[in-house]
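Descriptive structure summary
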Amino acid sequence: MDLSKHAFFEGKIVPLSDAKINIATHGFLYGTAVFSGMRAYWNDEEKRLFVFRPYDHFHRLLNSARMMAMNIPYDEKGLIQLTLDLLRTDDWHEDIYLRPTIYKADMGIGVRLHDLRDEFSMFVMEFGKYVKNDTNAHLTFSSWRRIDDNVIPARGKVAGAYANSALIKTDANRAGFDEAIVLDNNGHVSEGSAMNIFMVRDGILVTPPSTDNILEGITRRSVIELARNELGLQVLERSIDRTEVFVAEELFMTGTAAQIVAATKVDHRPVGNGVMGPITEKLRGLFDDIVRAKHPKYQSWNVEV
Ligand code: PMP
C-alpha cells in the first residue's frame, strides 16, 4: 500500500517522513486518540476525485473528541478545507483512504484526559479492497464481546478500543473466516470488527440500533437511506438475536474500508441459498455509483478535490 508523500502534522502540511511522534506521547502510551477513516474515490471517466461524506466523518470525529475531553481549533468545514489542501498537495489519481486522528500529544506518564495538549494529524494511502471475499464472505461469531459504552465510548472511534477489534479480527482470520460477528454483553448482535451489520428477514432490512454498542457508521446511515429511498424497503433498527442470523435471507456488512460485504455463510451454515442476495447486490451497485459521484441525487455526499 502506497502512503501519501505528505501529511498534516502539528498545524501544517509536512513530508510524511517528518510527521513523527515521540515514544513518550500520551496517545501512544494509553490509546488516548480518536480517529476516522474516510475514503476518496477516483472517477476515471471524468478524471475527478471525490471525498465521500467528509462532513459526516468529521462531525463524528469531533463528537468522539468531545467524549474524550479533547479540543482542536478546527470545525468540520475547517477540517474539510485542510483535507482538500492535503489531497491537492499529492495530486492523487486513484481510490484512497484518509486517516485523520486527534490525540493527546503531551509526553510523559499519567493516565488521564484532562490538562493535556491535543493535536490533529492526517495521512493518506492508496486503498483497494479491505475484505478479499466481499461477494461471499464466511463469518463466525467471535468469542470476544464488543466493548460496552460504559467501558469505552462505543459510539466514539477511540484508538485504544481497537485492541478489541484487533482480537476479533485476528482470531476470526486465523480460524479461517473472513470476518466475525460480535455480540455485546447482552448477547445481541452488535457489529463486526470494523463494520456494521445488516440482515434481511422476511423482506425487511434489519440492523442493530445505535444503543446496542455499535459504532454509528456513515456507510450504515447511507445504506439505510438508499434502502428506503431507492429500493422502497422497510428498514428496522432493532436488536438482533444470534440465531436470527442463521435464518436470515441475506446478510451483509458495511464500513468505509469494507464498503458493502456480502456474507454468504456463518459458521458453516449458508445464509439464504448460499450466494449473494438481490438486495445486497443492488445496494452494492448503487453505492459504487454514488461514491464516484455518478448518481445526481446523492451528489451532496461527494466533495470534489
Ligand atoms: N464499526 C467499527 C468498529 C468501525 O471501526 C467502523 C469503521 N469506521 C464501522 C463500524 C463502520 O463505520 P463507517 O461506515 O463510518 O466507516
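Residues numbered from 1 in each chain as written. Predicted model: local features only at pLDDT ≥ 70, side-chain atom pairs only at ≥ 80, totals over all residues. Heavy atoms only, no water.

A short note on the site of the ligand
In the region of the ligand, 16 residues are neighbours, and Arg60, Tyr162, Ile218, Thr219 and Thr256 sit closest. The separation between an oxygen atom of the ligand and a polar side-chain atom of threonine 219 is 2.6 Å. Computed on the free molecule, the ligand has an accessible area of 390 Å², of which 97% lies beneath the protein chains in the complex. More than half of the atoms belonging to the ligand lie within 2 Å of the grid points that define the largest pocket. Those elements that place two or more of their residues in the shell around the ligand are helix H5 (218–229) and strand E14 (250–255). The residue inventory of the shell around the ligand, partitioned by class, reads five nonpolar, seven polar and four charged. (Near = heavy atom within 4 Å. Polar contact = N/O pair within 3.5 Å; in protein donor to acceptor, adjacent residues only side chain to side chain. Areas by Shrake-Rupley, 256 points an atom, 1.4 Å probe, with all protein chains shown as cover. 1 Å grid on protein atoms, 1.4 Å probe; cavity = no way out; pocket = protein on both sides within 12 Å on 5 of 7 lines; lining within 4 Å. Sits in = over half its atoms within 2 Å of the grid points. Helix = DSSP H or I, 4+ residues; strand = E, 2+ residues; numbered from the N terminus. Nonpolar A, V, L, I, M, F, W, Y, C, P; charged D, E, K, R; others polar.)

Concerning the pattern of salt bridges
Taken as a whole and judged by the stated rule, the model has 21 salt bridges. A salt bridge links lysine 169 to glutamate 179; the shortest N-O distance between them is 2.8 Å. Here glutamate 179 lies in strand E9 (residues 179–183) and lysine 169 lies in helix H4 (residues 162–174), a separation of ten residues in the sequence. Of the charged contacts in the structure, one is a salt bridge between glutamate 237 and arginine 220, with a shortest N-O distance of 2.8 Å. Of this pair, glutamate 237 sits in strand E13 (residues 235–237) while arginine 220 is found in helix H5, placing the two residues 17 residues apart along the sequence. Linked through salt bridges whose partners overlap, the residues forming this network are Glu46, Arg48 and Glu304. (Salt bridge = Lys/Arg side-chain N within 4 Å of Asp/Glu carboxyl O.)

Side note on the nonpolar core
Membership of the largest hydrophobic core comes to 31 residues, with the highest contact counts inside it found for Val34, Ile102 and Phe120. Within the residue set of this core, elements represented by two or more residues are strand E4 (38–43), strand E5 (48–52), helix H2 (54–67), helix H3 (76–90), strand E6 (96–104) and strand E7 (118–126). Of all the elements, H3 adds the most residues to this core, at six residues. Taken domain by domain, this core gets at least three of its residues from each of domain 1 (6–126) and domain 2 (137–291). (Core = buried A, V, L, I, M, F, W, Y, C linked by side-chain atoms within 4.5 Å. Buried < 20%, exposed > 50% of the residue type's maximum accessible area, 1.4 Å probe, protein only. Domains from an automatic or database assignment.)

So yeah, pure geometry; function would need other evidence.
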